[in-house]
Amino acid sequence: MNRAMRFRIEPNKEQRELFEKTFGSCRFLYNRMLSDRILSEMTGECVEMRPAAYKKEYPWLREVDSLALCNVQLDLERAFRDYRKMPDRGHPRYKSRHHSRRSYTTNVVNGNIRIEGKKIRLPKAGMVRIRVHREIPEGWILKNVTVVKGPTGKYYASLLYEVPESESQAEGEQREKKYLGIDYAMDGLAVMSDGTRSEYPKYFRQAEEKLAREQRKLSHCVKGSRNYEKQKRKVAVIHEKVRNQRKDFQHKMSRKLADGYDVIGVEDIDMRAMSQSMHFGKSVSDNGFGMLRTMLAYKLEEQGKELVKVDRFYPSSKRCSRCGRVKEKLTLSERIYRCECGNIMDRDVNAAINIRMEAMRLKAS
């Protein structure tokens, strides 16, 4: 099992210049290798596509971390594998200097990357100041590090660790399991089968007015000017704050649920399709229900527990949680579920109970 931890790093001027050079070199090499790959497919000629082969033509590639360039080749191969599996996602495309993610990944070889106190040693960059805001458990093995520059100009290091199986994972198979069902709710993120609601504060909606004001100022700036870049960073800072607030809320919520239950059932709904087809783009994106499912999955797995995904076509909302009768029609405006058996309850709570029972059935089968 792998686990990533993300820390803020504070490089000096020389290290920032090296990072920028590495970002650009990785982007250039990716585009050049992609171009050669397309050309070889068209002509049928075999072209040697290894980072070392390009260093003869472009000697400045030797100035950056060689392992970062090797990972570029792996990323391109992965992109073509995904394209062959899912052609609908489109052919691998060139990376833009202005819109691509500014990052690179380097691997741990013979202890070349390590944390020493308040600094981390990175290849070529040397010792970089890092804010280790949480303790790294003993026994975790560092595999690779990804250096990222965010839209606000801050630098981060994502450390990937290999995590050994813990005692709690083995103990999870022995005790009696506690089940919980979670139903997605547009207002409040989620409703639990025990009747509780998450009461998500809607951080994006709170910042929407301020964000609109700063975006209007950005639209009046000349694109590419210094004022444009300053205003663009102000907009990015607002987005970053909303993103951090959302992640903080979901981390705390997922931790509480993972500690309190052994099996949690959720609907396997397509959040992207929901935001596009039902015209709820802002609300669905603000909730981040897909991110909550991801957090629950790995936090449950750490403790030997499980997240069960119920089929998206399972009639959790239409089925009565008391008698099992399924309604033929149920409009989105009907918030109270009424059944012929006399069951009257909140529509979302009824769906969460059904998801819980379906998760129990799937585990038993």
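Everything that follows concerns the structure shown earlier in this document.
Not measured: the values here are computed from a predicted model. (Residues numbered from 1 in each chain as written. Predicted model: local features only at pLDDT ≥ 70, side-chain atom pairs only at ≥ 80, totals over all residues. Heavy atoms only, no water.)

A.B. asks: Give me the lowdown on the overall build of the chain, citing residues and values where you can.
C.D. replies: Summing up its helical and strand segments, the chain has 10 helices and 13 strands in all. Projected onto its principal axes, the C-alpha positions of the chain cover 80 × 55 × 50 Å. Here the chain holds 365 residues, and the buried ones make up 40% of them. Here the contacts in the chain between residues at least 6 apart in sequence split such that 68% fall between residues at least 24 apart. With the model as given, the accessible surface of the chain reaches about 21,700 Å², and the carbon-plus-sulfur share is 48%. Averaging the positions of the 76 positive and the 50 negative side-chain charges in the chain gives two centres separated by 6 Å. (Helix = DSSP H or I, 4+ residues; strand = E, 2+ residues; numbered from the N terminus. Buried < 20%, exposed > 50% of the residue type's maximum accessible area, 1.4 Å probe, protein only. Contact = heavy atoms within 4.5 Å. Areas by Shrake-Rupley, 256 points an atom, 1.4 Å probe, with all protein chains shown as cover. Lys, Arg positive; Asp, Glu negative; His and termini not counted. Charge placed at Lys NZ, Arg CZ, Asp CG, Glu CD.)

A.B. asks: Go over the nonpolar core, please, and point to the residues and values.
C.D. replies: In this structure, Ile 9, Phe 19, Ile 120, Leu 122, Val 145, Val 147 and Leu 159 are the most contacted members of the largest nonpolar core, which totals 37 residues. Every element with two or more residues in this core is listed here: β1 (2-10), α1 (13-43), α3 (66-85), β4 (119-122), β5 (126-131), β6 (141-149) and β7 (155-162). The dominant element in this core, judged by the number of residues it contributes, is α1, at 8 residues. Those residues in contact with Val 145 that lie beyond four places of it in its chain are Tyr 104, Thr 105, Thr 106, Ile 113, Leu 122, Ala 157, Ser 158 and Leu 159. (Core = buried A, V, L, I, M, F, W, Y, C linked by side-chain atoms within 4.5 Å.)

A.B. asks: So what's going on with helix α9 (residues 289-302)? Which residues, and what values?
C.D. replies: Spanning 14 residues, α9 covers 20 Å between terminal C-alpha atoms, matching the ideal 20 Å at 1.5 Å per step. For α9, every residue scored as buried is listed here: Phe 289, Leu 292, Arg 293, Met 295, Leu 296, Lys 299, Leu 300 and Glu 302. (Expected span 1.5 Å × (residues − 1).)

A.B. asks: Which residues make up the pattern of salt bridges, and what are the values?
C.D. replies: By the definition in use, this model includes 24 salt bridges. Of the charged contacts in the structure, one is a salt bridge between Asp 248 and Lys 252, with a shortest N-O distance of 3.2 Å. Taken together, the residues span about one helical turn, with Asp 248 and Lys 252 both in helix α6 (residues 226-260) at a distance of 4 residues. We classify Asp 248 as partly exposed; its relative accessible area is 39%. (Salt bridge = Lys/Arg side-chain N within 4 Å of Asp/Glu carboxyl O.)

A.B. asks: Mind laying out the sheet that holds β5, listing which residues take part and the relevant values?
C.D. replies: The strand order across the open sheet built from 7 strands is β2-β6-β7-β1-β5-β4-β3, with neighbouring strands paired in antiparallel fashion. If you trace the sheet from one side to the other, it starts and ends with β2 (102-107) and β3 (114-116), each paired once. Each adjacent strand pair in this sheet contributes to an overall mean axis angle of 35 degrees, direction not counted. With 4 bridges connecting them, β4 and β5 associate as antiparallel partners. Within β5, the position partnered with Ile 120 by the bridge is Val 128. (Pairing = 2+ DSSP bridges. Axes fitted to C-alpha atoms, helices over the stretch in contact; angles between N-to-C directions.)

A.B. asks: How would you summarise unusual backbone geometry if you had to cite specific residues and measurements?
C.D. replies: In this structure, Lys 124 takes a positive phi of about 75 degrees despite not being glycine. In this structure, Lys 124 sits in the loop between β4 and β5. The class of Lys 124 is exposed, set by a relative accessible area of 54%.

A.B. asks: Summarise the layout of surface pockets; cite the residues concerned and give the values.
C.D. replies: In this approach the atoms are scanned with a rolling probe the size of a water molecule, which exposes any empty space left behind. One number sums up the size of the largest pocket: a volume of about 1,000 Å³. What lines the largest pocket is a set of 30 residues, among which Met 5, Arg 6, His 133, Lys 247 and His 251 lie closest to the centre. With 7 residues, the top contributor of residues to the lining of the largest pocket is α6. Residue composition of the lining of the largest pocket, by class: 9 nonpolar, 7 polar and 14 charged. (1 Å grid on protein atoms, 1.4 Å probe; cavity = no way out; pocket = protein on both sides within 12 Å on 5 of 7 lines; lining within 4 Å. Points joined across faces, edges and corners; volume = space filled by probe spheres on them. Nonpolar A, V, L, I, M, F, W, Y, C, P; charged D, E, K, R; others polar.)

A.B. asks: I'd love a proper account of the packing of α1 against α3, names of residues and values included.
C.D. replies: The geometry of α1 relative to α3 is characterised by a closest axis approach of 9 Å and an angle of 45 degrees between their N-to-C directions. The pairing of α1 with α3 is recorded here as oblique in orientation. Relative to α3, the crossing made by α1 is right-handed. Of the residues in α3, those touching α1 at Thr 22, Ser 25, Cys 26, Leu 29, Tyr 30, Met 33, Leu 34, Arg 37 and Glu 41 are Ala 68, Leu 69, Val 72, Gln 73, Asp 75, Leu 76, Ala 79, Phe 80 and Arg 84. Here the contact of α1 with α3 is built from residues that sort into 11 nonpolar, 3 polar and 4 charged. (Parallel < 35°, antiparallel > 145°, perpendicular 65-115°, else oblique. Left-handed = near helix turned anticlockwise from the far one by under 90°.)

A.B. asks: Can you tell me about the sheet that holds strand β10 (residues 263-267), naming the residues and giving the values?
C.D. replies: The strand order β9-β8-β10-β11 describes an open sheet built from 4 strands, whose pairing is mixed. One side of each edge strand has no neighbouring strand; the edge strands of this open sheet are β9 (189-192) and β11 (306-310). Averaged over all adjacent pairs, the angle separating strand axes in this sheet is 30 degrees, with direction ignored. Of the pairings in the sheet, the one linking strand β8 (residues 179-185) to β10 comprises 4 bridges and is parallel in character. Bridge pairing in β10 links Tyr 179 to Val 263. The sheet contacts of α6 involve β8, β9 and β10, and relative to β9 the element is tilted by about 20 degrees. Where α9 meets the sheet, it contacts β8, β9, β10 and β11, and its direction lies at approximately 140 degrees from that of β11.

A.B. asks: Can you explain the pairing of β6? Please cite residues and give values.
C.D. replies: On a regular strand, one side chain projects to one face of the sheet and the next to the other, so that they alternate. In this sheet, β6 lies alongside β2 in antiparallel orientation, the contact comprising 6 bridges. Counterpart to Asn 107 in the pairing with β6 is Asn 144. In this sheet, β7 lies alongside β6 in antiparallel orientation, the contact comprising 8 bridges. Residue pairing across strands places Asn 144 opposite Leu 160, the latter belonging to β7. Hairpin remark: β6 followed by β7, antiparallel, with 5 residues in the connecting loop; positive phi at Gly 153, about 90 degrees.

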